[in-house]
Amino acid sequence: MKLPVYLDNHATTPLDPRVVEAMLPYFSDRFGNAASRQHEFGWVAEAGVNVARQRIADLIGAEPSELTFTSGATESINLALKGIAEGLRGRGNHFITAVTEHRAVLDTCRRLEGYGFQVTYLPVDSAGRISLAELEDAITPKTILVSIMAANNEIGTLAPIAEIGRLCSDRGILLHSDATQAVGRIPLDLRNIPVDLVSFTAHKMYGPKGIGVLYIRSRRPPTPVVPQIDGGGHERGLRSGTLNVPAIVGFGEAARISATEMEAEARQVSALRDALVEGLRSRIPGIRVNGDQGNRLPNNASVTFEGTRADRVMMDMKDIAVSSGSACSTGLQEPSHVLRALGLPDQDVRATLRFGLGRFTTAEEITYAVGRIAETIKKERKRMEVEDAVHVH
Ligand SMILES: *Cc1c(COP(=O)(O)O)cnc(C)c1O
């Protein structure tokens, strides 16, 4: 077993060795520009992109022409929200989203508010679920887009995207979903889910960083997404810039692997996750698991260890890589907005660790992690008791 044990797969996943293997030729012999139409080098690169696009489309039940490559989920989300804001400005100025969304959605919404758009941020219950009745009530004649994530990156709660999609499409409103944590982990067939735009990224599904997709459902008239990056007219004019061919090829291979292995992997990973939680429960009193227990990602466990400080716990066990709050907040140590939204008091927010298991997590690693976490929590609780005593007297 190699240390540290990696249990932070919501932040990023390691590359699958098969993905690396698939990418390598595109860094050397097959270096061509996929937009070069006049020679073999371009054709070879373009063929690699085409295969990858088809594999990613197959994974989510889409057509290849419905996918636009971007630099990642953050860019896809920006393109979806800002592109629709610009494209439907004449029809309305109101967006609906939820308080537990990723910063990429929330900060884009804040930006749009600065441009004069209005945004409703739906609250969630203690398991992280929005209410469909509240969503329905929030819709106004000015509403142009609803954006709800498929799976939460901190607590793993899944949203009923198909139901939300029906609610929106019945009212002629577009639905965007940040499915970054869902794609490749749980089945998602867009033929049966009426969602118009979907964002996701390769590096959360064992592919490389810096490559994402925005899915835009093809319809007549077309969904009016206005490009946010202009230039050579790549990606049907939606996102200019020379394609990152090696990364796209890696994304395609990651999608192929996920499509064939997702089911077995979800069973294996959720069994390990349950073993982790059971192991912790049996050794440590006063712990709580956050999120929707009946309906969450197979690899997620957000655990509150009452009477501890997660930042100190992590410092004390550098051989276990986990996270507190959201790692996407680039090192900012603000209490997680997601855990706060569940109604957790700040001291419990600060006492919470997020475990994200993955394809390469082993039973041996889980056994080791349970032991290390149990001993570290005991030590931390003693320290807190001593500090409290000092403060009281
Ligand atoms: C990681 C993540 C993102 C950002 O993805 P990048 O490709 O790193 O930009 C967005 N949303 C969710 C839910 C995520 O987990």
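Note that the structure is a prediction, hence the values are computed from the model and not measured.

Analysis parameters
- Residues numbered from 1 in each chain as written.
- Predicted model: local features only at pLDDT ≥ 70, side-chain atom pairs only at ≥ 80, totals over all residues.
- Heavy atoms only, no water.
- Helix = DSSP H or I, 4+ residues; strand = E, 2+ residues; numbered from the N terminus.
- Rg over C-alpha atoms; globule rule 2.2 N^0.38 Å.
- Buried < 20%, exposed > 50% of the residue type's maximum accessible area, 1.4 Å probe, protein only.
- Contact = heavy atoms within 4.5 Å.
- Areas by Shrake-Rupley, 256 points an atom, 1.4 Å probe, with all protein chains shown as cover.
- Near = heavy atom within 4 Å.
- Polar contact = N/O pair within 3.5 Å; in protein donor to acceptor, adjacent residues only side chain to side chain.
- Nonpolar A, V, L, I, M, F, W, Y, C, P; charged D, E, K, R; others polar.
- Pairing = 2+ DSSP bridges.
- Right-handed = clockwise from strand over helix to strand, strands pointing away.
- Expected span 1.5 Å × (residues − 1).
- Phe/Tyr/Trp six-rings, centres within 6.5 Å; stacked < 30°, edge-to-face > 60°.

**Details of the overall build of the protein chain**
Then, number 1: Of the regular secondary structure elements, the protein chain holds 11 helices and 12 strands.
Then, number 2: For 393 residues, the compact-globule estimate of 2.2 N^0.38 gives 21 Å, and the C-alpha radius of gyration of the protein chain, at 22 Å, lies within 12% of that figure.
Then, number 3: Dimensions of the protein chain, computed from C-alpha atoms along their principal axes, come out at roughly 75 × 55 × 35 Å.
Then, number 4: A burial count over the protein chain gives 56% of its 393 residues as buried.
Then, number 5: For the protein chain, contacts bridging at least 24 residues in sequence account for 76% of all contacts bridging at least 6.
Then, number 6: Within the structure as shown, the protein chain displays about 17100 Å² of accessible surface, and the carbon and sulfur contribution to it stands at 53%.

**Things to note about the site of the ligand**
Then, number 1: If you check the shell around the ligand, you find Gly72, Ala73, Thr74, His102, Met149, Asn153, Asp178, Thr180, Gln181, Thr201, His203 and Lys204 and nothing else.
Then, number 2: Asp178 is positioned with one of its side-chain polar atoms (N or O) 2.7 Å from a nitrogen atom of the ligand.
Then, number 3: The contact in question runs from an oxygen atom of the ligand to an N or O atom on the side chain of Gln181, over 2.7 Å.
Then, number 4: A class-by-class count of the residues in the shell around the ligand yields two nonpolar, eight polar and two charged.

**Thoughts on unusual backbone geometry**
Peptide bonds are trans in most cases, and residues, glycine excluded, mostly fall at negative phi.
Then, number 1: With an omega dihedral of -5°, the bond running from Leu3 to Pro4 counts as a cis peptide bond.
Then, number 2: Turning to its location among the elements, Pro4 is positioned in the segment before strand S1 (5-6).
Then, number 3: Of note, the amide linkage connecting Arg220 to Pro221 takes the cis form, showing an omega dihedral of -10°.
Then, number 4: Topologically, Pro221 is positioned in the loop between strand S8 (212-216) and helix H7 (245-283).
Then, number 5: Positive phi, close to 70°, is recorded for Tyr206, a residue that is not glycine.
Then, number 6: Note that Tyr206 resides in the loop between strand S7 (197-201) and S8.
Then, number 7: You can call Tyr206 buried: its relative accessible area is 4%.
Then, number 8: Phi angles above zero are rare outside glycine, and Glu235 is one such case at about 50°.
Then, number 9: Position of Glu235 relative to the elements: it lies in the loop between S8 and H7.
Then, number 10: The exposure class of Glu235 is buried, given its relative accessible area of 7%.

**Description of the pairing of strand S5 (residues 143-147)**
Each regular strand carries side chains that alternate between the two faces of the sheet.
Then, number 1: The buried fraction of S5 amounts to five of the five residues, a majority that puts the element mostly inside the structure.
Then, number 2: Where strand S3 (residues 94-98) and S5 come together, three bridges link them in parallel fashion. The residue bridging His94 from the neighbouring strand is Thr143, located in S5.
Then, number 3: In this sheet, strand S6 (residues 174-178) lies alongside S5 in parallel orientation, the contact comprising three bridges. Paired with Leu145 across the strands is Leu174, a residue of S6.
Then, number 4: For the crossover that starts at S5, traverses helix H6 (residues 161-170) and ends in the parallel S6, the hand is right-handed.

**Points about helix H4 (residues 103-114)**
Then, number 1: In this model H4 runs 16 Å from its N-terminal to its C-terminal C-alpha over 12 residues, within 8% of the 16 Å that 1.5 Å per residue would give.
Then, number 2: For H4, every residue scored as buried is listed here: Ala104, Val105, Leu106, Thr108, Cys109 and Leu112.
Then, number 3: Summarising the contacts, the buried residues of H4 are in contact with helix H3 (73-87), S3, strand S4 (118-122), S5, S6 and helix H9 (337-341).
Then, number 4: Backbone geometry just after H4 places Gly116 at a positive phi near 100°.

**Examining the packing of aromatic side chains**
Then, number 1: For the coordinates displayed, the defined rule picks out five aromatic pairs.
Then, number 2: Taken together, Phe69, Phe200 and Phe251 form an aromatic cluster joined through their ring pairs.

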